[in-house]
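Chain by chain, the residues run as shown.
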Amino acid sequence: MTETADLTRVPTIEDEARFWALVEAAWASLGPEPAALRRALTARDPEADDVDPYALDAWLDPFLARLRALCADLSSRELTDLDRVVERKLYDIDRQDVHDVTDGSDDGFLYCRGWIVALGREFYEAVRVDPAMAVLDADCEQMCYFFAHLHAERFGDWPDTGSGISRESVSNPAGWPEQ
């Protein structure tokens, strides 16, 4: 964790690297089929209709179960650090241009951003750079608070990320200039 001048906590490079490594390890353990689907989704032409993005939905529960298993022995601080990464990733793509592609209510847009994060760094970065890569009405609600829920289950309380931001929709003022 690092602190900015205003004393808000931001994820470290190491925290982000660990987060993405855990996500990739969870996906890798599921075999070649979801790996191929994720590659195709990330490499697709968003204007074409040649890749079914919803084919990955069948793999989300096994992915989350594997991610949970990989995090079984993490400390309170480690889970909090990982939750801070998720919070930041969701916040950074809380943008009107991404919402224009994904649609959805405030909750629906949050869950869609959870789906984007759950699919891994390559897809996340593809959407961050080109919102047209996002998918209409995708949903992975569990990813939005995954590490917070693990923390609460194991340690009895919700982690305090200290980030000063919210993962909720339309909370990133830079992403919604007309609001």
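Read on for a plain summary of the structure. (Residues numbered from 1 in each chain as written. Predicted model: local features only at pLDDT ≥ 70, side-chain atom pairs only at ≥ 80, totals over all residues. Heavy atoms only, no water.)

A few points about the packing of aromatic side chains
Across all of its chains, the model carries eight aromatic pairs by this definition. For the pair Phe19 and Phe147, a centre-to-centre distance of 6.0 Å together with 70° between the ring planes defines the contact as edge-to-face. Of this pair, Phe19 sits in helix 1 (residues 13-28) while Phe147 is found in helix 9 (residues 146-155), placing the two residues 128 residues apart along the sequence. Taken individually, Phe19 and Phe147 each receive the classification buried, so the pair is uniform in this respect. Judged by centre distance (5.1 Å) and plane angle (85°), the rings of Phe146 and Phe147 are edge-to-face. When sorted by exposure, Phe146 lands in the same class as Phe147, which is buried. Looking at Arg113, its charged tip hangs above the ring of Phe109, at a distance of 4.7 Å from the centre. (Phe/Tyr/Trp six-rings, centres within 6.5 Å; stacked < 30°, edge-to-face > 60°. Helix = DSSP H or I, 4+ residues; strand = E, 2+ residues; numbered from the N terminus. Buried < 20%, exposed > 50% of the residue type's maximum accessible area, 1.4 Å probe, protein only. Lys NZ or Arg CZ within 6 Å of the ring centre and 35° of its normal.)

Remarks on unusual backbone geometry
Generally, phi is negative for residues other than glycine and the peptide bonds are trans, each holding for most cases. Even without a glycine there, the phi angle at Asp137 is positive, about 55°. Counting through the fold element by element, Asp137 comes out in the loop between helix 7 (121-129) and helix 8 (141-144). Even without being glycine, Val170 reaches a positive phi, approximately 60°. Within the fold, Val170 resides in the segment after helix 9. Exposure remark for Val170: the relative accessible area of 35% places this residue in the partly exposed category.

Side note on the side chain of Asp94
Counting through the fold element by element, Asp94 comes out in the loop between helix 4 (76-92) and helix 5 (96-102). The side chain of Asp94 sits in the buried core without any salt bridge; Arg113 is the nearest counter-charge, 4.3 Å away. Separated by 2.9 Å, the side chain of Asp94 and the backbone nitrogen of Val170 make a polar contact. For Asp94, the residues in contact, after removing those within four places along its chain, are Phe109, Arg113, Glu168, Ser169, Val170, Ser171, Asn172, Gly175 and Trp176. (Lys, Arg positive; Asp, Glu negative; His and termini not counted. Salt bridge = Lys/Arg side-chain N within 4 Å of Asp/Glu carboxyl O. Polar contact = N/O pair within 3.5 Å; in protein donor to acceptor, adjacent residues only side chain to side chain. Contact = heavy atoms within 4.5 Å.)

What to know about the side chain of Asp83
Mapped onto the elements, Asp83 comes out in helix 4. Residue classification places Asp83 among the buried positions, given a relative accessible area of 0%. In this view, Asp83 contacts Phe147, Ala148, Pro159, Thr161 and Arg167; residues no more than four positions away in its chain are not counted.

Some words on helix 2 (residues 32-43)
Spanning 12 residues, helix 2 covers 16 Å between terminal C-alpha atoms, matching the ideal 16 Å at 1.5 Å per step. Here the buried face of helix 2 lies against helix 1, helix 3 (57-70), helix 6 (106-118) and helix 7. (Expected span 1.5 Å × (residues − 1).)

Observations concerning a negative patch on the surface
A cluster of acidic residues, Asp52, Asp57, Asp100, Asp103, Asp106, Asp107, Asp137, Asp139, Glu141 and Glu168, forms a negative patch on the protein surface. With respect to the helices, strands and loops of the structure, Glu141 is situated in helix 8. Taking the relative accessible area as the measure of exposure, Glu141 reaches 43% and is therefore partly exposed. (Patch = residues over 30% accessible without salt bridge, like charges linked within 9 Å, V, L, I, M, F, W, Y side chains within 5 Å. Areas by Shrake-Rupley, 256 points an atom, 1.4 Å probe, with all protein chains shown as cover. Charge placed at Lys NZ, Arg CZ, Asp CG, Glu CD.)

Things to note about the pattern of salt bridges
Close approach of charged atoms allows side chains with opposite charge to pair. With the rule as written, the count across this model stands at 11 salt bridges. Measuring nitrogen to oxygen at the nearest pair gives 2.9 Å for the salt bridge that ties Arg84 to Asp81. Residue Arg84 and its partner Asp81 are located together in helix 4, separated by three residues, close to a single helical turn. Under the relative-accessibility criterion, Asp81 is labelled buried at 11%. Each of Arg77, Asp81 and Arg84 takes part in a single network of salt bridges with overlapping partners.

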